[in-house]
Amino acid sequence: MEGADLILNVDQPGKVLFAKTALDGHWRGPAVVVHVLRDAGFEVIYLGMATADEIAAAAVQEDVDLVGLNVGGSLAVVMRILDKLDVSAPDVGVMLGGTIQPQHRSALEARGVSTFPPGSMFSDIVEQARRLVEARRGSKRDVTSA
Amino acid sequence: MSSEQGDSDRYFTASGIPLRGWYGPEDVPSPAREAGAGSPGVPPYVRGAYPGMYRTKPWRVFQLSGHGNPEDERERILFLLSQGETGFIMEHDRNTADHLYNVDHPEVVARREDVGQTGAVIQSVRDYETILDGIDIGHYYAHPGGAVVQHAPFALGCYWTVARRRGLDLSRLSGTGQSDFFLTYLGCIPKRQIPTEAGIRLNTDIIEFCGRYLPRWVPVSIAAYNAADTGLNAYQELAALFANAAVYLDEINRRTPENLTRLAYMVGGINLRVGMDFFEDICKMRAARKMWVELLRRRYGITDPRATRLRIHIVTAGSALAYQQPLNNIARGTIMAMASVLGGTQSLGVATYDEAMSIPSEHAHQMSLRIQQIIHHETNIPAVADPLGGSHYVEALTAELEARAWEVFEEIESRGGFAAVLDEGWLHDLAAGNQLDLADAVNRGDRKMVGVNAFVEDVTPWEMTGFEPVEGVWDQSMERLRLVRRERDGRAAATALRDLETACRGDANIMPAVMEAVAAQATLGEFGDVFSEVFGDWKVPISF
């Protein structure tokens, strides 16, 4: 990551990669969230249904600040994505929405992932996205200045 | 009428129709008054499809179900039937069925733990044999899956093949297909999918095949539910429904006009969504029946009262249910189920209270049955047909929905028809716009949702968990797939698949070749590869 890019990005709220983890093409929820994030100024790359490898690769290639996941299946599939991201993009925050089983939320939160089930308020989503972007940029600034 | 009836700029239906404080006879256009004064069971059927309605024919209790391995799906179906369900539905795993992938497809392998979480994994006729073991399919009305257009030939072929092997006469078999365009061309778009034109051809083949061999089958139940749950409002849903029906009828008319009336009857088994706007959705069902009569008469000159009788299956709106305070969904399900019955449905599935968090648990499923049974047995509602008919409000709203629906129908026609508005993404834009408006309104608090943006405190005495299907489904599905490949007559399967490909490339009905391929134990993924090879891939008209 070049320092110049960082400076150019500083005024933008952040760059988000948004993907669906399951082979389930329902787009109603993702469309709303993508719209909300763009409305708040984020740049959003929509990957659609994607595998753990595809998500991790895109997060690196696009140098995103944040990964948003729409889930609708097993916890194991989500965990595999988190494992990949931990390796290839450890400083990137992850937010997760969709049909999240209540009993899985604590396991996800323990991995540092914030969860937004159906009915979540837009303001909470945007606020958390800002916080995660700020955290990443803060850590990048530390790295750059070091 | 006068201002004393109240402002019409503050109260609206869910689809945005302005509402008065009360309605009088002057608010009902005279043709609507006449239609509303008619009898149930006679055209234009505003007041109900059958003269005796629920006295002679209770609605079918018909719940979506399925998960895990074929044995798990069988177990759940048997549970529901033992609890009073009167027909059964076989739900397929989204990860495989939507895309026509076997479980060893790399896209599936990459997410193997998801397999079986959204329906049962069914890859060959053997899996149908397992699910249906011990279920009297000659007796029950069934929807054996195939909600997805490109998946339907395989799903129906499997079910009918099991029936044949049991020595059942197909002409006496009753049930419904679906092959719904709104599901995978609008709301839930898969990784690979044949173009709309090929889909219309496949569906018309199914309709013709049923016309010939399965007269008691609903070949393609147009599922306007899926259009509505993707975002279309009540009158857009009606318009899209009939634009879709018109495509099938036009195609039948082109192929075999002499069969049109008989096949129009078969196309007249459809499904709609009932959401939380109680009266609007009741009126929508009444308007739908009238519109079908009008469509058949005006466009095709069909007046046969058997053909013009629309039969409705209702699914209550999954998207109207909340993640927060999930038991509230039992109240919502009850209200939507009541609207469905008051609107005169022939068949009903009530979305389960755990809808927002997982596929249904056994208990949530049972509650959906109990809601229907309580309405049936305890309320006396079913004793009288169309109990709301003649209400000034109900008749005025029915007429208004019909008028608006025809306008949208004409707009779809002027944009090139049903396939064009899907191919060009016009319906998607319409749905997306409504979705955003609704989400915005809930977020701002303009539209209250109890437990979500109002009355959010919850003192429920226990923690609700989502239903988790059995584990290891992918491994077991792989094992079944290996067995099929090893044990079937490989040459016979290959020949049948080649014949299927030839049929797809030609003009003849593909269903005989589908039945042969299914009987030869061709697998789901092999069907997908043939379709993909012959028809190519639909160009998805939306991007984010």
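Reading the values: rules and limits
Residues numbered from 1 in each chain as written. Chains lettered and ligands numbered in written order. Predicted model: local features only at pLDDT ≥ 70, side-chain atom pairs only at ≥ 80, totals over all residues. Heavy atoms only, no water. Helix = DSSP H or I, 4+ residues; strand = E, 2+ residues; numbered from the N terminus. Rg over C-alpha atoms; globule rule 2.2 N^0.38 Å. Buried < 20%, exposed > 50% of the residue type's maximum accessible area, 1.4 Å probe, protein only. Contact = heavy atoms within 4.5 Å. Areas by Shrake-Rupley, 256 points an atom, 1.4 Å probe, with all protein chains shown as cover. Phe/Tyr/Trp six-rings, centres within 6.5 Å; stacked < 30°, edge-to-face > 60°. Core = buried A, V, L, I, M, F, W, Y, C linked by side-chain atoms within 4.5 Å. Domains from an automatic or database assignment. Buried area = accessible area lost by both parts, 1.4 Å probe. Salt bridge = Lys/Arg side-chain N within 4 Å of Asp/Glu carboxyl O. Pairing = 2+ DSSP bridges. Axes fitted to C-alpha atoms, helices over the stretch in contact; angles between N-to-C directions. Right-handed = clockwise from strand over helix to strand, strands pointing away. Parallel < 35°, antiparallel > 145°, perpendicular 65-115°, else oblique. Left-handed = near helix turned anticlockwise from the far one by under 90°. Nonpolar A, V, L, I, M, F, W, Y, C, P; charged D, E, K, R; others polar.

## Describing the overall build of chain B
Helix and strand content of chain B: 21 helices and 8 strands. Its C-alpha atoms give chain B a radius of gyration of 23 Å, within 12% of the compact-globule value 24 Å for 544 residues. If one aligns the C-alpha atoms of chain B with their principal axes, the spans along those axes are about 80 × 60 × 50 Å. Each of the 544 residues in chain B was classed as buried or not, and the buried ones make up 62%. Counting only contacts in chain B whose residues sit at least 6 apart along the sequence, the fraction spanning at least 24 positions is 79%.

## Observations regarding the overall build of chain A
What chain A contains, in helices and strands, is 6 helices and 5 strands. The order of α-helices and β-strands along chain A, N terminus first, is α-β-α-β-α-β-α-β-α-β-α. Buried positions account for 55% of the 146 residues belonging to chain A. For chain A, long-range pairs separated by at least 24 residues make up 74% of all intrachain contacts whose partners lie at least 6 apart in sequence. Looking at chain A as shown, the accessible area adds up to about 6,300 Å², and 54% of this sits on carbon and sulfur atoms.

## Some remarks on the packing of aromatic side chains
Residues and elements named next belong to chain B. The full count for this structure, using the stated rule, is 22 aromatic pairs over all chains. Centroid distance Phe182 to Phe418: 5.5 Å. Interplanar angle 80 degrees. Geometry classified as edge-to-face. Here Phe182 is found in helix 7 (residues 181–187), whereas its partner Phe418 is found in helix 16 (residues 418–423), with 236 residues between them in sequence. No difference in accessibility class separates Phe182 from Phe418, as the two residues are buried. Taking the centre distance of 5.3 Å and the plane angle of 85 degrees together, the rings of Trp406 and Phe409 count as edge-to-face.

## Quick look at the nonpolar core
With 153 residues, the main nonpolar core has Phe88, Tyr159, Trp160, Phe242, Leu272 and Phe531 of chain B as its most contacted residues. It is helix 10 (residues 234–255) of chain B that provides the largest number of residues to this core, a total of 14 residues. Split by domain, this core shows at least three residues from each of two domains, domain 1 (1–51 + 222–437) and domain 2 (487–533) of chain B. If we skip the residues at most four places from it in the chain, Phe88 of chain B touches Phe62, Ile77, Leu81, Leu132, Ile135, Ile137, Tyr140, Tyr141, Ala142, His143 and Tyr159 of chain B. In terms of nonpolar packing, the next biggest core, distinct from the first, is built from 32 residues, Ile45, Ala50, Ile55 and Val94 of chain A among them.

## Quick look at the domain arrangement of chain B
On domain assignment, one finds that chain B holds domain 1 (1–51 + 222–437) and domain 2 (487–533). For domain 1 of chain B versus domain 2 of chain B, the separation of C-alpha centres amounts to 38 Å.

## Description of the interface of chain A and chain B
Many descriptions give the size of an interface as the accessible area lost when the pieces come together. Opposite the 37 residues of chain A that make contact, chain B presents 47 residues. Both sides together, the interface formed by chain A and chain B hides about 3,500 Å², and carbon and sulfur atoms give 58% of it. For the chain A face of the interface with chain B, the top three residues by lost area are Leu23, Trp27 and Arg28 of chain A, together amounting to 26%. Our count for the contact surface shared by chain A and chain B stands at 1 salt bridge. We note a salt bridge from Arg80 of chain A to Glu113 of chain B, for which the minimum N-O separation is 2.4 Å. At the level of elements, helix 2 (28–39), strand 2 (43–49), helix 4 (75–88) and helix 6 (122–145) of chain A are the ones that each hand at least two residues to the side of chain A that touches chain B. Broken down by element, the residue count for the side of chain A that touches chain B peaks at 5 residues, all from helix 2 of chain A.

## Quick notes on the environment of Ala264 of chain B
Residue and element names in this part refer to chain B. In this fold, Ala264 is placed in helix 11 (residues 260–267). Since its relative accessible area comes to 0%, Ala264 is described here as buried. Separated by 46 residues in sequence, Ala264 and Leu310 have C-alpha atoms that sit 9.9 Å apart. Dropping the residues within four chain positions of it, Ala264 is found in contact with Leu249, Trp292, Leu296, Ile302 and Ala307.

## Description of the sheet that holds strand 5 (residues 114–116) of chain A
Residue and element names in this part refer to chain A. Strand order in this open sheet of 5 strands is 2-1-3-4-5, and the pairing throughout is parallel. Either end of the sheet is taken by a strand with one partner, and the two such strands are strand 2 and strand 5. Neighbour-to-neighbour, the strand axes of this sheet turn through a mean angle of 20 degrees, independent of strand direction.

## Considering the pairing of strand 3 (residues 66–71) of chain A
Residue and element names in this part refer to chain A. The buried count for strand 3 comes to 6 of 6 residues, which makes it a mostly enclosed element. By the alternation rule, side chains of strand 3 split into Leu66, Gly68 and Asn70 and Val67, Leu69 and Val71, which are all buried. Here strand 1 (residues 15–20) pairs with strand 3 via 5 bridges, running parallel. Looking at the pairing, Val16 lines up with Leu66 of strand 3. Here strand 3 runs beside strand 4 (residues 93–98); their pairing, made up of 6 bridges, is parallel. Looking across to strand 4, one finds that Val67 is bridged to Val94. Where the polypeptide runs from strand 3 across helix 4 and back to strand 4, its parallel neighbour, the crossover connection is right-handed.

## Considerations on the packing of helix 19 (residues 490–505) of chain B against helix 20 (residues 511–519) of chain B
Residues and elements named next belong to chain B. The geometry of helix 19 relative to helix 20 is characterised by a closest axis approach of 8 Å and an angle of 165 degrees between their N-to-C directions. On the basis of their axis angle, the class for helix 19 and helix 20 is roughly antiparallel. Seen along the crossing, helix 19 lies across helix 20 with a hand that is left-handed. Contacts between helix 19 and helix 20 involve Ala496, Asp499, Leu500 and Ala503 from the former and Ala513, Val514, Glu516 and Ala517 from the latter. Looking at side-chain class alone, the contact of helix 19 with helix 20 contains 6 nonpolar, no polar and 2 charged residues.

## Overview of the sheet that holds strand 8 (residues 347–349) of chain B
Here we have 4 strands laid out as an open sheet, ordered 1-8-7-6 (chain B), and parallel in their pairing. In the strand order of this sheet, the two ends are held by strand 1 (60–61) and strand 6 (269–274) of chain B, each with one partner.

## Comments concerning the side chain of Gln117 of chain B
Within the element layout of this structure, Gln117 of chain B appears in the loop between helix 4 (106–109) and helix 5 (125–132). Of the residues examined, Gln117 of chain B reaches a relative accessible area of 15% and is grouped as buried. For Gln117 of chain B, the contacting residues outside a window of four places in its chain are Gly73 and Ser74 of chain A together with Asp93, Ile359 and Pro469 of chain B.

## Concerning the pattern of salt bridges
Here the structure, examined in full by the defined rule, presents 42 salt bridges over all chains. Within the structure, one salt-bridge network assembled from shared partners comprises Arg201, Asp205, Glu208, Glu251, Arg254 and Arg255 of chain B.

## Some details on the environment of Phe418 of chain B
Residue and element names in this part refer to chain B. Looking at Phe418, the relative accessible area reads 1%, which means it is buried. Each C-alpha atom, one on Phe418 and one on Asn253, is 16 Å from the other, the two residues being 165 residues apart in sequence. With sequence-adjacent residues up to four places away left out, Phe418 is seen in contact with Phe181, Phe182, Ala240, Ala243, Asn244, Val247, Ile412 and Leu427.

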